[in-house]
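# Coordinate analysis (summary)
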Amino acid sequence: MSTANRYQHIKSTKPVLGKARKLKDLMLKSDNRVCADCGAPDPKWASANIGVFLCLKCGDVHRALGPDISKVLSVTLDDWSDSDIDSMVEVGGNSYANSIYEAFLPKDHPKPKMDSTMEYRTKYIRAKYETQDFLKPSLRISSKTSFDSTNSVKSVNSNFSSTSRKHVIEDTREFVGELNITVVRGTQLAIRDMLTSDPYVILTLGEQKVQTTVKKSDLNPVWNEVLKLSVPRNYGPIKLQVYDHDLFSADDIMGEAEIDLQPMITAAMAFGDPSRLGDMQIGRWFMTKDNALMKDSTVNVVGGKVKQEVLLKLQNVESGEMELEVEWVPLL
């Protein structure tokens, strides 16, 4: 078969446009523009069952692990099935997968870099995915034969779906849990009056909306107010907006940001009842160019509760930061 015919055949077996578009959109997210394992730019390979994008070198290591552990596909040349694309989209890409597989990555065990040796690269990738050294011990698997059903972030969610989520849906078809969100403080907020502002915060999740009190003439307000939101089964991000209260005109926007709930809820559901766990880190929401985080936000079990501290840079405004503490409360 000629080169032209070979590539014509590959093109003709590509997924339908809708599915291919989902994969392309996922690739365009900033955290997916680098290799999940070594950070090399412009990855052209992916592990469909794990849900991460990979460079050529890390892809070769994944391929050596075998398809029962990592199903490696080219993002440009291979024929992707609908289920492969759905798996990638459901995981959400590198940041979400790494929040699970690197939740317990020791500080003295650095990730490989793009110029690392193949020996170190192989050692790290095998520890991360094959023996799952950086995952919670109870979530690890004991043999390759069971890997296919437990190896992806998608399967962590499905483990919950087959037990706890089934119970939740039977009890209530609307919500899977609640959030207690402490709006701690704002820092260097924007001026919207003559010399200052009267800020307040609104949090929106779906049709729910909650609000803090107004802080008069304060660009560095301290609230420490707890706002409660219920989490629907098909949840999206929380939208945070800061406004300046005006008596005689419409309130002025002072910035906004989004809080991604998936890293916290995925980790909380995977680890089960937090009251039975000691204090520990169970997940991480990674700072990327696509979100408003000022630093990585870890998900921790503290005193039998799942908590996450979030520091956000307000968007679409000249200045301003927001500090929050989020607590996950599962439905019993």
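Residues numbered from 1 in each chain as written. Predicted model: local features only at pLDDT ≥ 70, side-chain atom pairs only at ≥ 80, totals over all residues. Heavy atoms only, no water.

Time to look at the overall build of the protein. The number of helices and strands found in the protein is nine helices and 13 strands. Split into buried and exposed, the 332 residues of the protein put 48% on the buried side. Long-range contacts, defined here as pairs at least 24 residues apart, represent 61% of the contacts in the protein between residues at least 6 apart. For the protein, the exposed area adds up to about 16700 Å²; of that, 53% sits on carbon and sulfur atoms. (Helix = DSSP H or I, 4+ residues; strand = E, 2+ residues; numbered from the N terminus. Buried < 20%, exposed > 50% of the residue type's maximum accessible area, 1.4 Å probe, protein only. Contact = heavy atoms within 4.5 Å. Areas by Shrake-Rupley, 256 points an atom, 1.4 Å probe, with all protein chains shown as cover.)

Looking now at the packing of aromatic side chains. Overall, the coordinates contain four aromatic pairs when judged by the stated rule. Note on Tyr 101 and Tyr 129: the rings are 5.2 Å apart at their centroids and 55 degrees apart in plane angle, and the pair reads as tilted. Of the two residues, Tyr 101 is situated in helix 5 (residues 94-101) and Tyr 129 in helix 6 (residues 118-130); the sequence distance between them amounts to 28 residues. Here the two residues Tyr 101 and Tyr 129 agree in accessibility, since each one is buried. Between the NZ or CZ atom of Arg 63 and the centre of the ring of Trp 45, over which it lies, the distance is 5.0 Å. (Phe/Tyr/Trp six-rings, centres within 6.5 Å; stacked < 30°, edge-to-face > 60°. Lys NZ or Arg CZ within 6 Å of the ring centre and 35° of its normal.)

The final tally for this structure, using the stated rule, is 12 salt bridges. One connected set of salt bridges, linked through shared partners, spans Asp 37, Glu 102, Lys 111 and Lys 128. (Salt bridge = Lys/Arg side-chain N within 4 Å of Asp/Glu carboxyl O.)

With eight of its eight residues buried, helix 5 lies for the most part within the structure. Of the residues making up helix 5, those classed as buried are Asn 94, Ser 95, Tyr 96, Ala 97, Asn 98, Ser 99, Ile 100 and Tyr 101.

Here we have six strands laid out as an open sheet, ordered 7-4-13-12-11-10, and antiparallel in their pairing. Unpaired on one side and paired on the other, strand 7 (222-232) and strand 10 (280-285) mark the two borders of the sheet. Put simply, the sheet's adjacent strands are angled 25 degrees from each other on average, direction ignored. Bridge count for strand 4 (residues 175-187) against strand 13 (residues 321-330) is 10 bridges, and the pairing is antiparallel. In the sheet register, Asn 180 faces strand 13, and the bridge partner there is Glu 327. (Pairing = 2+ DSSP bridges. Axes fitted to C-alpha atoms, helices over the stretch in contact; angles between N-to-C directions.)

Ranked by internal contacts, the top residues of the largest apolar core, which has 44 residues, are Leu 179, Leu 203, Ile 238, Leu 240, Leu 312, Met 322 and Trp 328. In terms of residues, this core owes the most to one element, helix 9 (residues 262-271), which gives seven residues. Contacts of Leu 312, omitting those with residues within four sequence positions, involve Leu 240, Ala 257, Glu 258, Ile 259, Trp 285, Ala 292, Leu 293, Met 294, Gly 320, Glu 321, Met 322 and Leu 324. With 20 residues, the next largest nonpolar core counts Ala 36, Cys 38, Ala 97 and Tyr 129 among its residues. (Core = buried A, V, L, I, M, F, W, Y, C linked by side-chain atoms within 4.5 Å.)

So, on to the sheet that holds strand 5 (residues 199-205). If you walk across this open sheet you meet the four strands as 6-5-8-9, and the pairing is antiparallel. Taken across any chain shown, the strands that pair with only one partner, and hence form the sheet edges, are strand 6 (208-211) and strand 9 (252-259). Going from strand to strand, the sheet's axes swing by 20 degrees on average, the running direction of each strand aside. As paired strands, strand 8 (residues 238-244) and strand 9 are joined by six bridges and run antiparallel to one another. Residue pairing for strand 9: Ile 238 is matched across the bridge by Ile 259.

Next up on the list: the confidence of the model for the protein. Summary statistics for the protein give a mean pLDDT of 84 and a share of 83% for residues scoring 70 or more. Below pLDDT 50 for its whole length, residues 142-151 participates in 21 contacts with residues either more than four positions away or in separate chains. (pLDDT = per-residue confidence, 0-100.)

Turning our attention to the pairing of strand 4. As paired strands, strand 4 and strand 7 are joined by nine bridges and run antiparallel to one another. Looking at strand 7, one finds that Glu 178 is bridged to Ser 230.

Right, let's get into the side chain of Gln 262. Note that Gln 262 resides in helix 9. Judged by relative accessible area, which is 18%, Gln 262 ranks as buried. When sequence neighbours within four positions are dropped, the list of residues in contact with Gln 262 reads Glu 90, Val 91, Tyr 96 and Tyr 235.

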